[in-house]
Amino acid sequence: MASITRASRAQRVDKQLQVERSLLRATEQLLDSGLSFTELSVEQLSRQAGIARSTFYIYFADKGALVQRLAARVTEELMAACNGWWRIADTARPDDLADAMLDVLDVYDRHRSVMRALVETSSYDADSEKAFKELLGGVLKGSRVAHDRILDAGRLREGVAREVAEALTLMVDAVCYQLGRGATPQRRRSLAQALAHVVWHAMYEPEKKK
């Protein structure tokens, strides 16, 4: 009986993941067509995803719950991309920073529609606002970890407080959201290099000339 129960639970999880993936694609397709998330109806989302409207409500109470779940999936990718810098912050070189920034830019571009929907709904939906703050909170926490690693390695520019790392993180977020979404690969690479330049000169101790 236990094995049957586990199999049934696994099937439900697989089904939910399939529905989420379908709705993620549907949301991005509809928003990329020029619609705002507020304009979208559950009927439109369900039809685009190829599921019944009733199926939507099995997994989500409303559109707000959908965007929060999609945001959680995007947050996982974003945190993984940001970790590309955090884990090497103490040994990073400018090119390493640029590569890490490019990974973050790519996440924003790949999921630009979900990010736009989250920002849009956070202005009037308390749960979406909470999800947005949690996303930024996680990234800000990581920036503080990076700051401390650079400090411990003796590479931190004199007088640079944790708040500098936090401010730089919000700058990166704004650039990725405002300029990186929909940008060409060449443009994203240029933006990544620009962000790396700012972070490098703001946080890292100037290298002594040989």
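Going by the structure above, here's the rest.
Here's a quick rundown of the structure. (Residues numbered from 1 in each chain as written. Predicted model: local features only at pLDDT ≥ 70, side-chain atom pairs only at ≥ 80, totals over all residues. Heavy atoms only, no water.)

Some words on the packing of aromatic side chains
Phase 1: Tallied over the entire structure, the rule returns 3 aromatic pairs.
Phase 2: Their ring planes at 45° and their centres at 5.6 Å tell us that Phe-56 and Phe-60 sit as a pair that is tilted.
Phase 3: For Phe-56, a relative accessible area of 0% gives the class buried.
Phase 4: Between the aromatic rings of Trp-200 and Tyr-204, the centroid separation amounts to 4.6 Å while the plane-to-plane angle is 20°, which identifies the pairing as stacked. (Phe/Tyr/Trp six-rings, centres within 6.5 Å; stacked < 30°, edge-to-face > 60°. Buried < 20%, exposed > 50% of the residue type's maximum accessible area, 1.4 Å probe, protein only.)

Here's the deal with the pattern of salt bridges
Phase 1: For the structure on display, the rule yields 14 salt bridges.
Phase 2: Between Asp-106 and Arg-188 there is a salt bridge whose closest N-O contact spans 2.9 Å. With Asp-106 in helix α5 (residues 94-110) and Arg-188 in helix α9 (residues 185-203), the pair connects residues that are 82 residues apart, well separated along the chain.
Phase 3: The class of Asp-106 is partly exposed, set by a relative accessible area of 22%.
Phase 4: Each of Asp-32, Asp-106, Asp-109, Arg-112 and Arg-188 takes part in salt bridges that share partners, so that together they form one network. (Salt bridge = Lys/Arg side-chain N within 4 Å of Asp/Glu carboxyl O. Helix = DSSP H or I, 4+ residues; strand = E, 2+ residues; numbered from the N terminus.)

Comments concerning empty space enclosed by the protein
Phase 1: Applying the stated rule across the entire model yields 1 cavity of 30 Å³ or more.
Phase 2: Computed from the structure, the largest cavity encloses a volume of approximately 220 Å³.
Phase 3: What lines the largest cavity is a set of 18 residues, and nearest its centre among them are Cys-82, Val-104, Val-139, Thr-169 and Val-172.
Phase 4: With 5 residues, the top contributor of residues to the lining of the largest cavity is helix α8 (residues 162-180).
Phase 5: Of the residues assigned to the lining of the largest cavity, the class counts are 15 nonpolar, 2 polar and 1 charged. (1 Å grid on protein atoms, 1.4 Å probe; cavity = no way out; pocket = protein on both sides within 12 Å on 5 of 7 lines; lining within 4 Å. Points joined across faces, edges and corners; volume = space filled by probe spheres on them. Nonpolar A, V, L, I, M, F, W, Y, C, P; charged D, E, K, R; others polar.)

Here we look at the side chain of His-147
Phase 1: Counting through the fold element by element, His-147 comes out in helix α7 (residues 126-152).
Phase 2: Every residue in contact with His-147, bar those within four places of it in the chain, is listed here: Leu-156, Val-160, Ala-161, Arg-162, Ala-165 and Met-203. (Contact = heavy atoms within 4.5 Å.)

Section: the packing of α7 against α8
Phase 1: The N-to-C vectors of α7 and α8 enclose an angle of 135°; their axes lie 9 Å apart at closest approach. Classified by the angle between their axes, α7 and α8 sit oblique to one another. Relative to α8, α7 is oriented so that their crossing is right-handed. For the pair α7 and α8, the contacting residues are Leu-136, Val-139, Leu-140, Ser-143, Arg-144, His-147 and Asp-148 in the first and Arg-162, Ala-165, Glu-166, Thr-169, Leu-170 and Asp-173 in the second.
Phase 2: A breakdown of the residues in the contact of α7 with α8 according to their chemical character gives 5 nonpolar, 3 polar and 5 charged. (Axes fitted to C-alpha atoms, helices over the stretch in contact; angles between N-to-C directions. Parallel < 35°, antiparallel > 145°, perpendicular 65-115°, else oblique. Left-handed = near helix turned anticlockwise from the far one by under 90°.)

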